[in-house]
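One letter stands for each residue in the lines below.
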Amino acid sequence: MSTHRTFTMIKPDAVVNGHTGAILEKIAASGFKIVAMKYTQLSLRDAQEFYAIHKERPFFGELVAFMTRGPIVSAILEKENAVEDFRALIGATNPAEAAEGTIRKMFATNIAENAVHGSDSDENAAIEGAFHFSGREIY
Ligand code: GDP
């Protein structure tokens, strides 16, 4: 069953480059309602746990170093068909392959520093949202 929710992070590259406002505006203009949001920084342990699924991949160390490098904005977003629609809005993992007008095409640096995260399934959206927010922080 679809939960109509997805989880996102505006990653350290996009935050430090000053794209937070523009990305949030695009998210809102695309019909997503923010039901939880925080400005925070991941610890090494947080990032290793959040990205545990990638721990065997050759770029795991780089990914964890990048995601802990500076502050992020994490949020839970609500919309019909949220997971799929948000993946379409952010575009391909590699911004060079992302469609025109997508967030990654507009704001990402490269395949590693790609501006935003978006959950890839309803199940992961729920897990990732619960990793970042307690029930009292979701409205
Ligand atoms: P996503 O679902 O589109 O975010 O892509 P993946 O689940 O495949 O990868 C997770 C994250 O790991 C990506 O968003 C990138 O930040 C990072 N990543 C993916 N591929 C590479 C790579 O080849 N090198 C590095 N350094 N990071 C990568």
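Now for a look at the structure at hand. As the structure is a computational prediction, the values presented were derived from the model and not from experiment.

All of the buried residues along helix H2 (residues 20-29) are Thr20, Ile23 and Ile27. Buried residues of H2, seen end-on, are gathered within an arc of 70° and therefore sit on one face of the element. Counted as exposed and oriented over 90 degrees from the buried face of H2: Glu25 and Ala29. Packing partners of the buried residues in H2 comprise strand E1 (5-10), helix H1 (12-16), strand E3 (72-78), helix H5 (82-90), helix H6 (103-107) and strand E4 (116-118).

Burial analysis of E1 places 5 of its 6 residues in the buried class, the great majority of the element. Of the pairings in the sheet, the one linking E1 to E3 comprises 6 bridges and is antiparallel in character. Looking at E3, one finds that methionine 9 is bridged to serine 74. Alignment of E1 against E4, held across 3 bridges, turns out to be antiparallel. Bridging from a neighbouring strand, threonine 8 pairs with glycine 118 of E4.

So, about the site of the ligand. All residues in the neighbourhood of the ligand are listed as Lys11, His54, Arg57, Phe59, Glu62, Leu63, Arg87, Thr93, Arg104, Ile111, Ala112 and Asn114. Lysine 11 is positioned such that a nitrogen or oxygen atom in its side chain is 2.9 Å from an oxygen atom of the ligand. Between a nitrogen atom of the ligand and a side-chain N or O atom of glutamate 62, the distance comes to 2.7 Å. Burial of the ligand by the protein amounts to 82% of the accessible area it has alone, namely 560 Å². Put simply, the ligand lies in the largest pocket.

About the criteria used
Counting from 1, residues in each chain are numbered in the order their sequence is written. Only residues with pLDDT of at least 70 get local features here, since the model is predicted, and only at 80 or more are side-chain atom pairs given and counted; chain-wide, interface and lining totals rely on the full set of residues. Side-chain descriptors were evaluated using all non-hydrogen atoms of the structure, hydrogens and water having been removed beforehand. Each residue is placed in one exposure class: buried if its accessible area under a 1.4 Å probe, protein chains only, is under 20% of its type's maximum, exposed if it is over 50%, and partly exposed if it falls in between. Helix numbering and strand numbering both begin at the N terminus, where a helix is a DSSP run of H or I of at least 4 residues and a strand a DSSP run of E of at least 2. It is the directions from the helix axis to the C-beta atoms whose arc is reported. In this analysis, two residues are considered to be in contact whenever any of their non-hydrogen atoms come within 4.5 Å of each other. A pair of strands is labelled paired if DSSP reports no fewer than 2 bridges between them. Note on definitions. A residue lies near a molecule or strand when any single heavy atom of the residue is within 4 Å of it. A 3.5 Å cut-off defines polar contacts: any pair of N or O atoms within that distance qualifies, except that in protein one atom must be a possible hydrogen donor and the other a possible acceptor, and neighbouring residues in sequence count only when both atoms are side-chain atoms. For the area figures, the Shrake-Rupley method with a 1.4 Å probe applies, and any residue is considered shielded solely by the protein chains shown. In this analysis, the protein atoms alone were mapped onto a 1 Å grid. Cavities are point sets where a 1.4 Å probe fits without being able to get out; pockets are open sets with protein on both sides within 12 Å along at least five of seven lines; lining residues have an atom within 4 Å of a point. By definition, a pocket or cavity contains a molecule when more than half of the molecule's atoms lie within 2 Å of the pocket's grid points.

That is the geometry; function is a separate question.
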